[in-house]
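Listed below, chain by chain, are the residues.
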Amino acid sequence: MSIRTLTPLVTPLAALVVVIFTLTAAPAAAFNNQQATDFLGSLQERAVAELSDASISNNEKEERFRTLFNQSFDVPAIGRFVLGRYWRGASDEDRDAFLAVFEDVIVQRFLPLLTENSDRRFEIGTVTPIRDRNDMAFVNSQIPRADGEPYKVSWRIREKEGQYKILDIRAEGVSMAQTLRSEYGTVIKRNGGKLSALTAALREKVSGAAFAPQQQ
């Protein structure tokens, strides 16, 4: 079985994971644009402060990254979306195993990039409402680069019970959630619809550091 190596679509900060469109449609209080942008700004500052400290060990940086990822992204919702119908048919054990290795994939791929490029910051801009949803919106941002136009990155953020979570990232118009859904679905389909096959493939690649950034 095979699976393509997950690669960032733009810069490290833009690729800070991986993630998804929400699946629920329950009504919520009106989306607060300022609180959402404050949330994203705080996430950026925490990432810079916690991952750029040269005095802490790599193990400590990894633990900090995992905490940041789980606090800022709706990880269970990520699993539901990227697996689609395969999530619905999976056991709780298989779901938990997938989410665990998926987190390992994110850590292996993006922690080194974030650590090495912690001085690169995105500029938070406007908020774009999502039609028929009053609990989420896209918070738009740009990442400056030395040559050419800045990268455009939109963060899909949902508010639930006063808490804000990132559900998807669109980098230059491309949804990372949709990309993962297509990629993972292909692997599962080729292996008889078994989620365990995808989990095993990801685990094997993590063990071989297949998701680690390539040295130039």
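Residues numbered from 1 in each chain as written. Predicted model: local features only at pLDDT ≥ 70, side-chain atom pairs only at ≥ 80, totals over all residues. Heavy atoms only, no water.

Side note on the sheet that holds strand S3 (residues 151-160)
Reasoning step 1: Spatial ordering of the open sheet is given by S1-S2-S3-S4-S5, a layout of five strands whose pairing is antiparallel. Only two strands of the sheet have a single neighbouring strand rather than two, namely strand S1 (123-130) and strand S5 (174-175).
Reasoning step 2: In this fold helix H1 (residues 33-51) packs onto S1, strand S2 (133-143), S3 and strand S4 (163-171), with an angle of close to 75° to the strand it touches most, S4. (Pairing = 2+ DSSP bridges. Helix = DSSP H or I, 4+ residues; strand = E, 2+ residues; numbered from the N terminus. Contact = heavy atoms within 4.5 Å. Axes fitted to C-alpha atoms, helices over the stretch in contact; angles between N-to-C directions.)

A word on the nonpolar core
Reasoning step 1: Of all hydrophobic cores here, the largest spans 52 residues; its most connected members are Leu83, Phe98, Ile157, Ile166 and Leu198.
Reasoning step 2: Considering every element that reaches this core, the biggest residue donor is helix H5 (residues 92-116), with eleven residues.
Reasoning step 3: Judged by nonpolar contacts, the second largest core, of five residues, contains Ile130, Met136, Phe138 and Leu167. (Core = buried A, V, L, I, M, F, W, Y, C linked by side-chain atoms within 4.5 Å. Buried < 20%, exposed > 50% of the residue type's maximum accessible area, 1.4 Å probe, protein only.)

Details of the pairing of S2
The side chains of a regular strand alternate, first on one face of the sheet and then on the other.
Reasoning step 1: The buried count for S2 comes to nine of eleven residues, which makes it a mostly enclosed element.
Reasoning step 2: When S1 meets S2, the two strands line up antiparallel, connected through six bridges. Note on S2: the bridge partner recorded for Ile130 is Arg133.
Reasoning step 3: Counted along the chain from S1 to the antiparallel partner S2, the turn is two residues long, and its residue Asp132 has a positive phi close to 65°.
Reasoning step 4: By the bridge criterion, eight bridges tie S2 to S3 in an arrangement that is antiparallel. Looking at S3, one finds that Gln142 is bridged to Lys152.

Some words on the side chain of Glu159
Reasoning step 1: Inspection of the secondary structure puts Glu159 in strand S3.
Reasoning step 2: A polar atom in the side chain of Glu159 sits 3.3 Å from the backbone nitrogen of Glu161.
Reasoning step 3: At 2.5 Å, the side chain of Glu159 forms a polar contact with the backbone nitrogen of Gly162. (Polar contact = N/O pair within 3.5 Å; in protein donor to acceptor, adjacent residues only side chain to side chain.)

Comments concerning the environment of Leu198
Reasoning step 1: Structurally, Leu198 can be placed in helix H7 (residues 195-207).
Reasoning step 2: The spacing of Leu198 and Tyr184 is 14 residues in sequence and 7.0 Å in space, taken between C-alpha atoms.

Interpretation in functional terms is not warranted from these geometric data alone.
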